[in-house]
Structure formats: C-alpha cells, structure tokens
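Chain by chain, the residues:
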Amino acid sequence: MQQPQVETGAIGAGEGPQQAVPWSAWVMRQAWVRWCMCHMPRSWAQWWTTSGWRQPLQRVLWGLEGILYLLLALMLCHALFTTGSYLLSSLWPVVTAAWRHLLPAVLLLVLSALPALLFTASFLLLFSTLLSLVGLLISMSHPDYTQDLDQ
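Residues numbered from 1 in each chain as written. Predicted model: local features only at pLDDT ≥ 70, side-chain atom pairs only at ≥ 80, totals over all residues. Heavy atoms only, no water.

Draft legend 1. Expanded view of the overall build of the protein. Looking only at helices and strands, the protein features five helices and zero strands. Each helix and strand of the protein, ordered N terminal to C terminal, gives the series α-α-α-α-α. Taking all 151 residues of the protein together, 1% fall into the buried category. (Helix = DSSP H or I, 4+ residues; strand = E, 2+ residues; numbered from the N terminus. Buried < 20%, exposed > 50% of the residue type's maximum accessible area, 1.4 Å probe, protein only.)

Draft legend 2. Here's a closer look at the packing of aromatic side chains. Evaluated as defined, the whole model comprises one aromatic pair. Centroid distance F123 to F127: 6.1 Å. Interplanar angle 15 degrees. Geometry classified as stacked. Of this pair, F123 and F127 both sit in helix 4 (residues 54–141), four residues apart, which is roughly one turn of that helix. Given the relative accessible area of 45%, F123 is considered partly exposed. (Phe/Tyr/Trp six-rings, centres within 6.5 Å; stacked < 30°, edge-to-face > 60°.)

Draft legend 3. Main features of a nonpolar patch on the surface. Residues L57, V60, L61, L64, I67, L68, L70, L71 and L74 make up a contiguous nonpolar surface patch of about 880 Å² in total accessible area. A residue is classified by how much of its surface remains accessible, and L57, at 41% relative accessible area, is partly exposed. (Patch = residues over 30% accessible without salt bridge, like charges linked within 9 Å, V, L, I, M, F, W, Y side chains within 5 Å. Areas by Shrake-Rupley, 256 points an atom, 1.4 Å probe, with all protein chains shown as cover. Salt bridge = Lys/Arg side-chain N within 4 Å of Asp/Glu carboxyl O.)

Below you can see the structure in the form of structure tokens.
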C-alpha cells in the first residue's frame, strides 16, 4: 500500500506548527541592520540595548497621545455645539408651532389609552399570579416534594 504524500510548498504546508519568532529576530536578519551594528560605536550600541531610554520615551509618547485625544474631543464638542446651536436657532419656530398643536393631541391620546393600559397591567398581574399558583400546586403534588420535607 502506498503512503499518502505530504506536499510542502512555499507556505510551509505539512511542516507542522511553527514557533513564534519575535519581530526583533526578523530585524536582525536584515543586511542593513547587520551593517549598522558592525559600524556603530560601542557606546551607542550599549545605550540602545539598555532599556533606560525606552521608559521616558514611552511616557512622552503616551502624554502626546493623551493631548491629541483631548484636542480631538474638544474639537468634536465644539463642532457639535456650533452645529447644534445653528440647527436649534433655525428650528425653534417650527418646534414651538408643532408643540402648540401637538401637545393637546398627545395628552388626549395618553388619557384615552389609560384605561386600556390599566386593564392590560391588571390582566398580566392576575395571569402571572395564577401561573405561579399552578406551578406551586404542581410542585407540591410531586412525590419528591414530600421526601424532601421528610429529610
């Protein structure tokens, strides 16, 4: 019987799981990086490998990011406020006229729907109470209920 062949191509199919390689390993394989590392003064290389400079730089970058987000939020608030004030100033007569004509209609609609809403609420309350009682009676008539009480 012939064994099935496993094809291996450029994408690495059939080679099994690959170990994760950090990005620094890829950078160090580049020719220009190797050339820079050979021709760089030792003090510079030592300064680069120490992490003492990274933390202050990261704090500065985080501060700049926070300032940029704050400026963006302020610009958004300003744009929304100015646009909203222009819209409100132009729509104010329309809103007042609509409110004057719609307020009695809305009040009449709410008042006429009130009895139906009260009836629906009382029916749902009664129905849920009946369902709870039926569930209680069924659970009490179950044979395991008496055994649980005896223990």
